[in-house]
Amino acid sequence: MANRECKIPVKDLQVGQSIRLPLAWKEHPFMFNRFRIKDEGQIQLIRKLGLNHVFLQLAEGESTPQFVEPATPAAPTAIDTETLRCQQAERDAVAKESQTYRRLLKKCEQAYGKSLESVRTSFSRLPTTPDQAYADGSAVVDEILRQFDEAGSETVLQLVAANQEGTMQFHAMNVSVVAMVLGRALGLEGPQLRELGLAALVHDVGKLRVPSAILNKRTPLNKAEQNFLYQHPKLALEMLKGTPFATKGIFAMVSGHHEYLDGSGYPQKLSGKAISPMTQILTIANEYDNLVNGTVKSLPPYQALAFMFKNRAKQLNPTFLQTLVKTLGVYPPGTLLRLENGQVSKVISSDPAQPLFPTLMLYDAEIPKKEAPMVSLDMLGLKIDGVLKVSELTEAQCHYLDVSPALAYYVRR
């Protein structure tokens with residue numbers, strides 16, 4: 001929806017108004033051309049830019065106010081040095097943090113791509129050289145944990161976009177990382193965390209023995225096809241038997257990743273304490289990625305979490321699910337948002353102490369992508385208008401916000 005606006009004389013500006021400056025981004029010291037005025041200092045700074053008017057952003061249904069334009073153009077006046085210094089310092093600090101993020105983003109994308117190739121190699125080697133397949137899988141888990149240790153573990157950084165390929169390798173990688181993010185948040189470490197990551201990598205290898213016509217079918221499966229698909233945990237155990245993956249813990253997780261606490265899952269219809277805590281973690285990670293990047297559903301991360309709470313309350317461990325929400329945030333990183341002023345943004349990270357005020361990267365065609373700042377919703381003083389799907393973005397917006405067909409989760413301090 002296009003944002004409505006009208007001219008407003010600079011003399012009529014008030015704190016709390018959302019405005020747009022009729023200047024190029026480099027012609028003023030503010031972080032954005034569009035922003036909500038937060039104090040009198042900003043108004044004074046705008047007045048000293050020599051502008052007669054700016055543009056007032058109107059809310060939906062708000063009538064256009066009437067203003068009297070000044071008869072003579074305003075002349076620029078001397079800008080208060082301290083006010084300008086503070087404004088420029090804020091802009092520079094945000095720019096520096098944004099540059100750090102972009103370096104981290106590039107590093108994470110490179111690590112993700114290399115690890116994804118290792119997953120493919122591991123799967124191809126499993127039938128003939130299982131020891132090497134295990135070494136490949138172990139290297140992937142070690143790389144993910146190394147990324148965690150290097151970046152910290154306070155706030156999850158998640159780069160999310162719809163995974164159009166929907167391949168098993170993408171899914172294995174995603175579930176492994178989500179499972180370890182959740183496991184880490186629940187206090188797992190060392191060999192336990194590593195075993196969880198390995199189990200997540202191979203949890204679906206049984207599908208390699210399921211016909212692609214069943215796996216890729218877009219219409220509902222018939223009874224025979226469904227029964228075949230439900231055998232994939234058992235087929236996975238057969239493939240992993242006699243390999244280094246054949247530990248008691250990994251077998252339990254692979255066998256039970258579709259079991260639900262209320263006994264409605266498969267293949268054994270286990271319930272309650274019969275499902276190990278590690279398996280319950282894997283089940284949540286698998287469910288989450290299926291919702292975000294699955295072939296049946298492709299929900300924004302925020303809606304995926306809401307769906308799980310609403311429709312899986314009796315099936316998934318509620319404490320683990322709440323921990324995932326606290327870790328990812330109400331608006332998980334990667335969620336695409338439209339703000340009340342019409343701007344499109346992507347959530348970069350969430351602060352557990354302020355879950356409703358994530359850090360955003362905003363799309364602004366007037367600011368070069370390499371200089372695009374990351375700012376908290378609290379700093380912007382704006383409200384969220386709604387959650388967007390990737391399909392609602394233009395090609396330019398997708399490129400600017402780095403919305404790509406891959407999913408990676410890393411931890412950012």
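Residues numbered from 1 in each chain as written. Predicted model: local features only at pLDDT ≥ 70, side-chain atom pairs only at ≥ 80, totals over all residues. Heavy atoms only, no water.

### With respect to the sheet that holds strand 1 (residues 4–9)
Item 1. Read from one edge of the open sheet, 4 strands run 1-4-2-3, paired in antiparallel fashion. With one partner strand each, in any of the chains shown, strand 1 and strand 3 (34–36) form the two edges of the open sheet. Taking the axes of each pair of neighbouring strands and ignoring which way they run, one obtains an average angle of 35° across the sheet.
Item 2. As paired strands, strand 2 (residues 18–20) and strand 3 are joined by 3 bridges and run antiparallel to one another. Within the sheet, the bridge partner assigned to Ile19 lies in strand 3 and is Phe35. (Pairing = 2+ DSSP bridges. Helix = DSSP H or I, 4+ residues; strand = E, 2+ residues; numbered from the N terminus. Axes fitted to C-alpha atoms, helices over the stretch in contact; angles between N-to-C directions.)

### Considerations on empty space enclosed by the protein
Item 1. Inspection of every chain in the model, using the stated rule, returns 3 cavities of 30 Å³ or more.
Item 2. Taken as a whole, the largest cavity spans an internal volume of roughly 150 Å³.
Item 3. Phe30, Met31, Phe32, Phe35, Arg36, Lys38, Gln42, Gln87, Glu90, Val375, Met379 and Leu380 together form the lining of the largest cavity.
Item 4. At the level of elements, strand 3, helix 2 (81–125) and helix 13 (377–380) are the ones that each hand at least two residues to the lining of the largest cavity.
Item 5. Class assignment of the residues belonging to the lining of the largest cavity gives a composition of 7 nonpolar, 2 polar and 3 charged.
Item 6. The volume enclosed by the second largest cavity comes to roughly 50 Å³.
Item 7. Along its surface, the second largest cavity is lined by Glu259, Leu261, Ile275, Gln280, Thr283, Ile284, Gln315, Leu316 and Asn317.
Item 8. Of the residues assigned to the lining of the second largest cavity, the class counts are 4 nonpolar, 4 polar and 1 charged. (1 Å grid on protein atoms, 1.4 Å probe; cavity = no way out; pocket = protein on both sides within 12 Å on 5 of 7 lines; lining within 4 Å. Points joined across faces, edges and corners; volume = space filled by probe spheres on them. Nonpolar A, V, L, I, M, F, W, Y, C, P; charged D, E, K, R; others polar.)

### Here's the deal with the pairing of strand 4 (residues 53–58)
Item 1. Of all 6 residues making up strand 4, 6 are buried, and the element is well covered by its neighbours.
Item 2. Looking at chain direction, strand 1 and strand 4 are connected through 6 bridges and run antiparallel. Its bridge partner being in strand 4, Lys7 is matched across the sheet by Phe55.
Item 3. Where strand 2 lies against strand 4, 2 bridges are found, and the strand directions are antiparallel. Bridge pairing links Ile19 to Leu56 in strand 4. (Buried < 20%, exposed > 50% of the residue type's maximum accessible area, 1.4 Å probe, protein only.)

### Some details on the pattern of salt bridges
Item 1. Overall, the coordinates contain 12 salt bridges when judged by the stated rule.
Item 2. As a salt-bridge pair, Arg20 and Glu5 come within 2.7 Å of each other at their nearest N and O atoms. Of this pair, Arg20 sits in strand 2 while Glu5 sits in strand 1, and the two are 15 residues apart along the sequence.
Item 3. With a relative accessible area of 33%, Glu5 lands in the partly exposed category. (Salt bridge = Lys/Arg side-chain N within 4 Å of Asp/Glu carboxyl O.)

### Here we look at the pairing of strand 6 (residues 336–339)
One face of the sheet, then the other: side chains in a regular strand alternate in exactly this way.
Item 1. Bridge count for strand 6 against strand 7 (residues 344–351) is 3 bridges, and the pairing is antiparallel. Looking at strand 7, one finds that Arg338 is bridged to Val344.
Item 2. Counted between consecutive antiparallel strands, the loop separating strand 6 from strand 7 contains 4 residues, among which Gly342 sits at a positive phi close to 95°.
Item 3. Two strands pair when backbone bridges link them, and strand 6 and strand 10 (residues 384–388) are joined in this way by 4 bridges, in the antiparallel orientation. Residue pairing across strands places Leu339 opposite Ile384, the latter belonging to strand 10.

### Observations regarding the packing of aromatic side chains
Item 1. Scanning the model with the defined rule gives 5 aromatic pairs in all.
Item 2. Where Tyr134 meets Phe245, the ring centres are 5.0 Å apart and the plane angle is 75°; that geometry is what we call edge-to-face. Highlighted residues: Tyr134 in helix 3 (residues 130–151) and Phe245 in the loop between helix 8 (232–240) and helix 9 (248–256), separated in sequence by 111 residues.
Item 3. Residue classification places Tyr134 among the partly exposed residues on the basis of a relative accessible area of 23%. (Phe/Tyr/Trp six-rings, centres within 6.5 Å; stacked < 30°, edge-to-face > 60°.)

### Some points on the sheet that holds strand 6
Item 1. Strand order in the open sheet made by the 5 strands is 9-8-7-6-10, with antiparallel pairing throughout. Whereas interior strands pair on both sides, the edge strands pair on one side only; in this sheet they are strand 9 (374–376) and strand 10. Mean inter-strand twist for the sheet, computed between neighbouring axes without regard to direction, equals 40°.

### Some details on the nonpolar core
Item 1. Counting 58 residues, the largest nonpolar core has Leu196, Val202, Val205, Ile284, Tyr288 and Leu324 as the members making the most contacts within it.
Item 2. Here this core takes 11 residues from helix 4 (residues 168–185), the largest share from any one element.
Item 3. Core analysis: the second largest hydrophobic core is formed by 28 residues, Val94, Leu337, Ala372 and Tyr400 among them. (Core = buried A, V, L, I, M, F, W, Y, C linked by side-chain atoms within 4.5 Å.)

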